[in-house]
Structure formats: structure tokens, C-alpha cells
Amino acid sequence: MGPAGIDQSSAARLTGGRRTCIMHVDMDAFFVSVELRTRPELRGKPVIVGFPGERSVVLSGSYEARAFGVKSAMPMAVAMRMCPQAVVIEPRHKLYYEVSGQLMGIFESITGLVEPLSVDEAFLDVTGAIRRLGPPRGIGELVRRRVAAELGITASVGIAETKFVAKIASTRCKPDGLLLIGPDETVPYLHSLPVGALWGVGAKTGEVLAKMGIRTVADVAATPVSSLKRVLGAAGEHVHRLASGIDPRPVTPVRLEKSIGAEETFATDTNDDGLLRRELLRLSHRTASRLRSSGMVARTVALKLRFADFSTITRSRTVQTPVDSAQLIYGVALQLLESLGPRAMAVRLVGVRAEQLEEAARTSLQLSIDRRDENWRAAEQALDQVTRKFGNQSVLPARLMEPENRAGDGAGQPA
């Protein structure tokens, strides 16, 4: 539950005046917790959610599995050597998204200021809810009770005046806890932490700071900004401000995109399979580029065809490994096209869509069996850099250099 002194002395100061009150709410071992709702006999035992097999990675591990060293994104073979007695459950992503939607609904019933960070965590600005629902600590406990009662899982809640400190608080009270850090306690609390607690200070940055004798947040705060900027560049000022508890970023309500895609209407209805394949490849590149620029990956690829009579069909396929590569998206879209068999009518419009999106940084990808997949991904990331510098038509796959029958640049805006 966190240090009692901080929790007991802070509520009044966070509710007084017009101070901002921000919560960071994070589920505990979300994927495992959702699975254990229907497997209660596994509670208290080491459980791993992930696809079995040596080339798979851990999506999530129970706290009992983590005690053996199991971590998310770890190769499954390594995890099973560390914890051979663990029960492995294959992930059910559609279910996780359903529970995530219910979770966000709970948050939005508390406050309209909800900023989702992923499927299982969000920032909430509850400043305007205090008069209606009571002190911050009570609101935090209300959120935890509702999550437990309505979803059957547990949540950890950090409460502070800023997003940065609220995130630290939720991390420090896991699992199934609540920690409130009031304005007067913020700086003393931060200064008791190691420098790695600051956003943006990873292992390499930590090594650089350690060479300067900086090992705690207090050390950062005591170091002149000019000295930090010499070794960290522009980030030096940012790190110094965080060390003093300064983080002016507001909670910004956003909606996580449910899908990303593109479609094209042909100038003339076509039965040309070669043209359809080339257009699918083009649309796959556009979709993949948007995925990567958004930091997202997709678990489902959908194909859309509209025929000359304006009738429309869609087909989709969920892949085991989330994708952000045009070649992988194109491969699935092409399979979907070929599965339709002979078409009785010419095609007016074709579209590709990536669905069931997840944040790439928080997604445990299954290791590719085919090394070419990684080569394609690296090549496309290089293409992204060229495109950002020189424009969309600077470099194209050879197959897309052929003449096509397209409606023109304006017809193919993402749907």
C-alpha cells in the first residue's frame, strides 16, 4: 500500500485549492489475470501466457513465475528452463481487447479525462471528480473495487500531482496496491530513488551518469543543468526537471485507434489479377508505414473488395505474430484474395486494413522462423527514413514501378 506516512498526510493537500490530481491505473499481470478468471485452480501457481514452442516469447507471467526470473518478451525456451513447472496458456487476444474496453468504460465513468497508454493502463485526471466522489484516495479505492468486482482482476493505483510521479507511485505499490504521493512529499520521495526511476534514463544513460558520480535522483537534482546537458544533450534539462518533480504535461484524452488501413478506387473497373496484386502491395506498404509511424502492430489483416455493382465483401485473418511489415501484410492479403476464387464481376475498389492493434513497444513478438521476415522489416524501416527525408515517391518496390490503372493520387486516401 506504500509508505503509510505519505498516504495519510497527503489527501488533504491534494484536495485543497485547485491542485491537479492525477492517477495512473495499471492492471497487475493483465493477460494472466484475465486467464485466471476461468482457471481459478491456477491461482498462486506460476503461469505463463504465450505460445508454446522454442521460438515463442513470453507475453505475460504471473508474479509466481516472475519470482523464478520469468519476464515479458523473454524467449519461451529460457522461461521454461527457469521455471519448468509453469503452466503455459496460449493467449486469447480478442478476449483481452474485450476486457480492455470494459476497463476503459470504468475509467470514463469516473472522469472524462482518460489517457489510455495501452490495453491495461491509463492516466486519469480526477481533479474535477473530487467534489462528486470525494478525496483522491477514496476515488482510487473506488476504481480498484470496481475493477475487482466487475472484471475479476486487480489494479494498482498511483496518485500524485503529475503524470510522472503518479506512474512511479503505481509501479512502487504493485501488485494490488495504492500509493498517494502529495505535493509536499513529492521531492523527498523522488530523491530517495535510484536515477533509473527517471523517465528517459535507461541502462546506457545510467552508466554515463554513474561516471559523473550521479546514482540517485537527488544527485541529478543537485547537478547543474549545464553539466547534464553536456553529457545528455537537450535531454539533460528534461531529466533535471523530472528530478525536481516538474512535469507540466496534462492528461490528454485519446482514443486508441482500432484499425489502420488504406483503399483505392480504380479509374476503370478491373478484372486484371496482376493489377490487383500490385495495388494490394502498394496499400500494404501504406498501411505498414502508418502502423510503424504510430508505433503499432496488428494481429489481424483484412481485405476489402467492392465490385462494379457496388456490392462489397470483406475477409480477414488473424495472425499468430503481430505485424507491421508490408511484406507480411501483403502475404496475408494476397492469401485472402486468392481464397475468394474466380470473381464473377469486375473490381471497383480494393482495400487493406490492419486490425486488433497493439503498441509495438509493449507487445511480445514471436520470434520469426523465417529470417527474411526480419530482413523485410529492416528494409522497410530504412525506406521510412528515406521517405521522411525525400518524400513518398523517392523509393518504391520494383513491382510498383509498372504502369497501373488507378484513379489518381486523391482516390486512395486511408479509409
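Position numbers for residues count from 1 along each chain, tracking the sequence in the order it is written. Residues qualify for local features only when their pLDDT is at least 70, as the model is predicted, and side-chain atom pairs are given and counted only at 80 or more; totals for whole chains, interfaces and linings, by contrast, use all residues. Where side-chain values are given, they derive from all heavy atoms of the structure, hydrogens and water being excluded.

Stated precisely, the cut-off is as follows: UniProt positions are given in the numbering used here, feature names are shortened, and annotations may be inferred rather than shown by experiment.
Going by an unreviewed UniProt entry, the protein carries the name DNA polymerase IV and comes from Pseudarthrobacter enclensis. As stated in UniProt under Catalytic activity (unreviewed entry), the record for the protein gives "DNA(n) + a 2'-deoxyribonucleoside 5'-triphosphate = DNA(n+1) + diphosphate".

Details of the pairing of strand β12 (residues 347–359)
Looking along a regular strand, one sees the side chains alternate between the two faces of the sheet. Formally: A pair of strands is considered paired only if DSSP assigns at least 2 bridges between the two. Helix and strand definitions follow DSSP, with helices as H or I runs of at least four residues and strands as E runs of at least two, each counted in order from the N terminus.
Alignment of strand β9 (residues 259–270) against β12, held across 8 bridges, turns out to be antiparallel. Across the sheet, Ile 260 pairs through a bridge with Ala 354, a residue of β12.

Regarding the packing of helix α5 (residues 93–110) against helix α7 (residues 136–151)
Put simply, the rule is: To define axes, lines are fitted to C-alpha atoms, for helices over the stretch in contact only, and angles between the resulting N-to-C directions are given on a 0 to 180 degree scale. Each angle receives one of four descriptions, namely roughly parallel if under 35 degrees, roughly antiparallel if over 145, roughly perpendicular if within 65 to 115, and oblique otherwise. Each helix crossing is assigned a hand: it is left-handed if the near helix lies turned anticlockwise from the far helix by less than a right angle, otherwise right-handed if that turn is clockwise. Residue contacts are counted whenever heavy atoms from the two residues lie within 4.5 Å of one another. Any residue outside Ala, Val, Leu, Ile, Met, Phe, Trp, Tyr, Cys, Pro, Asp, Glu, Lys and Arg is labelled polar, Gly included; the first ten of those are nonpolar and the last four are charged.
Between α5 and α7, whose axes approach to 11 Å, the crossing angle comes to 150°. Between α5 and α7, the crossing angle belongs to the class labelled roughly antiparallel. Regarding α5 and α7, the two cross each other, and that crossing is right-handed. For the pair formed by α5 and α7, the contact residues are Val 99, Gln 102, Leu 103, Ile 106, Phe 107, Ser 109 and Ile 110 on the first element and Ile 139, Leu 142, Val 143, Arg 146, Val 147, Glu 150 and Leu 151 on the second. Considering only residue class, the contact of α5 with α7 consists of 10 nonpolar, 2 polar and 2 charged.

Quick word on the packing of aromatic side chains
Rule in force here: Only the six-membered ring of Trp is used, alongside the rings of Phe and Tyr, when aromatic pairs are assigned; centres must lie within 6.5 Å, and planes under 30 degrees apart are stacked while those over 60 apart are edge-to-face, with the rest tilted. The classification of residues rests on relative accessible area computed with a 1.4 Å probe and restricted to protein chains. Under 20% of the type maximum is buried, over 50% is exposed, and intermediate values are partly exposed. Charge-over-ring contacts are defined here by two conditions on Lys NZ or Arg CZ: a distance within 6 Å of the ring centre and an angle within 35 degrees of the ring normal.
On inspection of all chains with the given rule, the structure shows 4 aromatic pairs. Considering the side-chain rings of Phe 164 and Trp 199, the 5.5 Å spacing of their centres and the 65° angle between planes classify their relative orientation as edge-to-face. Of this pair, Phe 164 sits in helix α8 (residues 163–172) while Trp 199 sits in the loop between α9 (183–191) and α10 (203–211), and the two are 35 residues apart along the sequence. Among the residues examined, Trp 199 registers a relative accessible area of 28% and is labelled partly exposed. Ring-pair connections join several aromatic residues into one group, and the members of that group are Phe 30, Phe 31 and Tyr 96. Between the NZ or CZ atom of Arg 66 and the centre of the ring of Tyr 63, over which it lies, the distance is 4.4 Å.

So, the pattern of salt bridges
Let me state the cut-off plainly: Every case where a carboxyl oxygen of Asp or Glu lies within 4 Å of a side-chain nitrogen of Lys or Arg is listed as a salt bridge.
By the definition in use, this model includes 16 salt bridges. Note that Glu 264 is salt-bridged to Arg 286, the shortest N-O span being 3.4 Å. Of this pair, Glu 264 sits in strand β9 while Arg 286 sits in helix α14 (residues 273–294), placing them 22 residues apart in sequence. One network of salt bridges, with partners in common, ties together Arg 137, Glu 141, Arg 144 and Asp 176.

So, the environment of Ala 346
Inspection of the secondary structure puts Ala 346 in the loop between α15 (326–339) and β12. It is 5.5 Å that separates the C-alpha atoms of Ala 346 and Asp 269, two residues lying 77 residues apart in sequence. Those residues in contact with Ala 346 that lie beyond four places of it in its chain are Asp 269, Thr 270, Asn 271, Phe 307 and Ala 308.

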